[in-house]
Protein chains: 2
Amino acid sequence: MKFRLFTPGPSPVPEETLLELAKPVPYHRTPEFRQLLKEVVEDLRYVYRTKNPVVPLTSSGTGGMEAAVANCLAPGDKAICLISGRFGERWRNLCKAFRTEPIAVVVPDGQAVPPEQLAQALKQHPDARAVCCTLSETSTGVANDVAAFGPIVANTPALLLVDAISALGVIECETDEWHIDICVTGSQKALMLPPGLAFLSVSAKARERIERREAGGVFYFDLKKALAKLQEDTPYTPAHTLIRALRVSLKRIRAEGIETIWAKQSRNAAAARAGFQAMGLELFAARPSDGLTVVKVPAGIDGSALLSKLEKQYGMKLAGGQDHLKGKIIRLAHMGYLDQFDVLAALAGVELVLLEMGFPMKVGSGVAAAQQVWAQAAPARQP
Amino acid sequence: MKFRLFTPGPSPVPEETLLELAKPVPYHRTPEFRQLLKEVVEDLRYVYRTKNPVVPLTSSGTGGMEAAVANCLAPGDKAICLISGRFGERWRNLCKAFRTEPIAVVVPDGQAVPPEQLAQALKQHPDARAVCCTLSETSTGVANDVAAFGPIVANTPALLLVDAISALGVIECETDEWHIDICVTGSQKALMLPPGLAFLSVSAKARERIERREAGGVFYFDLKKALAKLQEDTPYTPAHTLIRALRVSLKRIRAEGIETIWAKQSRNAAAARAGFQAMGLELFAARPSDGLTVVKVPAGIDGSALLSKLEKQYGMKLAGGQDHLKGKIIRLAHMGYLDQFDVLAALAGVELVLLEMGFPMKVGSGVAAAQQVWAQAAPARQP
């Protein structure tokens, strides 16, 4: 049976990137590797829409978030954490671990954080040193309105730290225009690579903070050191075969064009939502991200059995809910190397399993509704 | 031209491991991946010679060292750092970054730390909470006598933290028998994998310290969390395709047998030393590691030109000295997937370049001397 990976990270890697990973291992302290790193950083800046440096780290995305907190905040500093799910919670936990004072703005699962709540929190805490938020909250499928957060934070001394791990390269993310000070992402989502690398962009405002911070409390994730080395090298041995393979995936992104990708993903997300809704399923996210679609498991259906059948009978790996959402939602990724026909396949799989489980639905309603979205966007029929 | 990688990390990766890296990306929160992780950890414990847990981290080896310091020491704690080169210095820098008080025992480049100096330091600082040392000091080619350090530290409250990054799987490392509390290694040396993963073993004594430490100051490298998860998972998305590929390299190690590997590497190292010495080169390390051989660049020879010729004319990448040793030494790795005939090739390459550069030497003296070592170890001739 053919295997199809639809989890919101890791996500599928193009064959030519996989083959790059199988090439013999080179040495990394060479002019050739420095050139390669430079090229990769340049291409990342294109995806980030930034003129600022982008730092590669050998870690999961969480390592990138830790680097942001540990380098930009000192113990006792206030940080407003906008929490719309598990990954927003991660910011709060990171702040706690580094002994800063998190001011939590929490919204119910499935909701995005209203920009007004951020404005209010900043008014109440004008001494906040950072605002931490999540662009695409992978645990609930919500996209937060970071475009609106940016100008609110820009006029304060606070830095805007954004987890764009499952967002960058999928949905619009205008790092510079939106005044994002540190924008974190990981390799295993839209960048079409296996996990192992994290990246973050660093604005001038963030860099000033980083350069001025007291030494100590950070070593492996020391951004001051990483930024100083960036022109030539990484401070420690990087996962350099992943970086070499990233070049291949990034070339694919550049060839397609980031705006074309945003539009395509937006269409695929609209099709996924239309498909699920036509089947009679309810969307979980009030403000859905275009990187993944999250739907509620309908009453009378066993969510775990649904996912298990999809995997065993059709070779499709979708994700369920995490923690308290386990069994209550299913999450379908459509980012990176997943295209419209992959989304169509996933909808067809879910439909077949739901029909088998006795869920009342018109056969083909989901795939037809999705197809409707794509047909509207397809080149017009010749007269 | 055929490329041959002889740097002491990264080192060559077997073809079957490379091909594993090119396989499609799976999801990692599954019973199958948990089983794979369990198997890999079990095989690592075999290589480590430990009954204790081995924690995988997605980072370079330095990340593993940071995890040891950040989890086992509190600010103000004294840590004796045995420094015989650049990587011993890294322990000191890590201790400083985490605001502990490093007590440095420094020996000149090329020397190993005499166990008596450790005993003396511990007598002077009976309140030391850790002893940090390097088994194979990759910057100088020295092997430290960790077997002797172990019993000295075991009778004190201090933990023995060992950087075995370029040692584990090459030279004897009896983690449990030598009373090593935390033994750190990286994926890109004898474990025959690209960089991206670090591992550390945790003794009962270290675990007690970790469990009791106050929360905070550590998140991504939180060993308490990693140890709690170890039976089932990793706290954050691991570089799981590297872990899957590691299984392949570890099976190779198990099939050969760790004691057989130690003996083989010891023989290859003896051959490399004999070869270089027969050419008239001087060893740099007074107590050489069997993972790499470091020789002084002879008077009248330009060290950088030598390395550059080796690379351009013969496709061989050896390493030079770092920092103040730049141009003064050359470093040849013989670990992991590098075998005796690879060592022979490297010796032949160095010989040819030295001859070309006018260094006086009998042609073939190096390769013949090395061959002599292997001939003595080869099966006896039939009568």
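Enquirer: Requested: an account of the packing of helix α12 (residues 340–356) of chain A against helix α13 (residues 365–377) of chain A, with residues and values cited.
Expert: Residue and element names in this part refer to chain A. Interaxial distance between α12 and α13 falls to 8 Å at its minimum, and their mutual angle equals 160°. Here α12 lies roughly antiparallel to α13, going by the angle between them. Considering the relative orientation of α12 and α13, their crossing is right-handed. On α13, the residues touching Gln 340, Val 343, Leu 344, Leu 347, Ala 348 and Glu 351 of α12 are Ser 365, Gly 366, Val 367, Ala 370 and Trp 374. For the contact of α12 with α13, a count of residues per class yields seven nonpolar, three polar and one charged.

Enquirer: Account for the side chain of Glu 66 of chain B, with residues named and values stated.
Expert: Along the chain, Glu 66 of chain B falls in helix α3 (residues 61–72). No salt bridge forms around the buried Glu 66 of chain B; measuring N to O, its nearest opposite-charge neighbour Lys 225 of chain A is 7.6 Å away. Those residues in contact with Glu 66 of chain B, other than ones at most four positions away along the chain, are Phe 219 and Tyr 220 of chain A together with Asn 71, Leu 94, Phe 98 and Phe 221 of chain B.

Enquirer: Could you give me a rundown of the relation of the copies chain B and chain A, with the residues and numbers involved?
Expert: Between chain B and chain A, the superposition needs a rotation of 180° and an axial shift of 0.0 Å, giving an RMSD of 0.0 Å. Both copies of the chain, as the preceding transformation shows, are related through a two-fold rotation axis. The share of interface residues of chain B whose copies in chain A are also at the interface is 100%, consistent with both copies meeting through the same surface.

Enquirer: Break down the nonpolar core for me, with residues and values.
Expert: Counting 184 residues, the largest nonpolar core has Ile 80 of chain A together with Ile 80 of chain B as the members making the most contacts within it. Judged by nonpolar contacts, the second largest core, of 74 residues, contains Ala 68, Ala 206 and Leu 223 of chain A together with Ala 97 of chain B.

Enquirer: Can you lay out the interface of chain B and chain A for me, pointing to particular residues and giving the numbers?
Expert: Chain B puts 48 residues into the contact, and the matching count from chain A is 48 residues. Taking both sides of the interface into account, the surface hidden between chain B and chain A amounts to around 3700 Å²; carbon and sulfur atoms contribute 70%. In terms of surface lost to chain A, no three residues of chain B exceed Val 25, Tyr 27 and Phe 219 of chain B, which account for 17% of the buried area on that side. Listing elements by their share of the side of chain B that touches chain A, those giving two or more residues are α1 (15–21), α3, α4 (86–97) and α9 (240–256) of chain B. No other element matches α4 of chain B, which puts four residues into the side of chain B that touches chain A.

Enquirer: Describe unusual backbone geometry, with residues and values.
Expert: Following Gly 9 of chain A, the chain continues into Pro 10 of chain A via a peptide bond in cis, with omega recorded as -10°. In this structure, Arg 99 of chain A takes a positive phi of about 60° despite not being glycine. Residue Arg 99 of chain A is classed as partly exposed on the basis of its relative accessible area of 43%. The backbone phi angle of His 179 of chain B is positive, close to 60°, even though this residue is not glycine. Assignment of secondary structure puts His 179 of chain B in the loop between β8 (159–163) and β9 (182–186). His 179 of chain B gets classed as partly exposed once you look at its relative accessible area, which sits at 39%.

Enquirer: Account for the environment of Ala 70 of chain A, with residues named and values stated.
Expert: Its place among the elements puts Ala 70 of chain A in helix α3 (residues 61–72). Discounting chain neighbours no more than four positions away, the residues touching Ala 70 of chain A are Phe 98, Arg 213 and Val 218 of chain A.

Enquirer: Before we move on, can you summarise the side chain of Asp 181 of chain B with the specific residues and values?
Expert: All names here are of chain B. Along the polypeptide, Asp 181 turns up in the loop between β8 and β9. For the buried Asp 181, which has no salt bridge, the nearest side chain bearing the opposite charge is Lys 205, at an N-O separation of 4.3 Å. Engagement of the side chain of Asp 181 in a polar contact is seen with the backbone nitrogen of Leu 160, the distance being 2.8 Å. In this structure the side chain of Asp 181 is engaged in a polar contact, spanning 2.6 Å, whose partner is the side chain of Ser 203.

Enquirer: Mind laying out the sheet that holds strand β13 (residues 319–320) of chain A, listing which residues take part and the relevant values?
Expert: All names here are of chain A. Here three strands make up an open sheet; going across it, the order is β11-β14-β13 and the pairing antiparallel. Each having just a single partner strand, β11 (292–296) and β13 make up the two edges of the open sheet. As judged from the two bridges shared by β13 and strand β14 (residues 329–333), these two strands associate in the antiparallel manner. Bridge pairing links Ala 319 to Arg 331 in β14.

Enquirer: Describe in detail helix α10 (residues 258–278) of chain B, supporting the description with residues and values.
Expert: Think of an α-helix as turning once every 3.6 residues; residues three or four places apart then point the same way. Residue and element names in this part refer to chain B. Its 21 residues place the ends of α10 30 Å apart at the C-alpha level, agreeing with the 30 Å of an ideal helix rising 1.5 Å per residue. All buried positions along α10 are accounted for by Ile 258, Ile 261, Trp 262, Lys 264, Gln 265, Asn 268, Ala 269, Ala 271, Ala 272, Arg 273, Gly 275 and Phe 276. Of the surrounding elements, those touching the buried residues of α10 are α2 (31–48), α9, β11 (292–296), β14 (329–333), α12 (340–356) and α13 (365–377). The positive-phi residue at the C-terminal boundary of α10 is Gly 280, with phi of around 95°.

Enquirer: Describe the sheet that holds strand β9 (residues 182–186) of chain A, with residues and values.
Expert: Residues and elements named next belong to chain A. Here seven strands make up an open sheet; going across it, the order is β2-β10-β9-β8-β5-β3-β4 and the pairing mixed. Edge positions in the sheet fall to β2 (54–58) and β4 (101–106), since each has one partner strand and no second. Going across the sheet, the axis of each strand differs from the next one's by a mean of 20°, ignoring polarity. Note that strand β3 (residues 78–83) and β4 share six bridges and pair parallel. Paired with Ile 80 across the two strands is Ile 103, which belongs to β4. This element, helix α4 (residues 86–97), spans β3, β4, β5 (130–134) and β8 (159–163) of the sheet and lies at about 160° to β3. Of the strands in this sheet, β3, β4 and β5 touch helix α5 (residues 115–124), which is tilted by about 165° from β3.

Reading the values: rules and limits
- Residues numbered from 1 in each chain as written.
- Chains lettered and ligands numbered in written order.
- Predicted model: local features only at pLDDT ≥ 70, side-chain atom pairs only at ≥ 80, totals over all residues.
- Heavy atoms only, no water.
- Axes fitted to C-alpha atoms, helices over the stretch in contact; angles between N-to-C directions.
- Helix = DSSP H or I, 4+ residues; strand = E, 2+ residues; numbered from the N terminus.
- Parallel < 35°, antiparallel > 145°, perpendicular 65-115°, else oblique.
- Left-handed = near helix turned anticlockwise from the far one by under 90°.
- Contact = heavy atoms within 4.5 Å.
- Nonpolar A, V, L, I, M, F, W, Y, C, P; charged D, E, K, R; others polar.
- Buried < 20%, exposed > 50% of the residue type's maximum accessible area, 1.4 Å probe, protein only.
- Lys, Arg positive; Asp, Glu negative; His and termini not counted.
- Salt bridge = Lys/Arg side-chain N within 4 Å of Asp/Glu carboxyl O.
- Least-squares fit on C-alpha atoms with pLDDT ≥ 70 in both.
- Core = buried A, V, L, I, M, F, W, Y, C linked by side-chain atoms within 4.5 Å.
- Buried area = accessible area lost by both parts, 1.4 Å probe.
- Polar contact = N/O pair within 3.5 Å; in protein donor to acceptor, adjacent residues only side chain to side chain.
- Pairing = 2+ DSSP bridges.
- Expected span 1.5 Å × (residues − 1).

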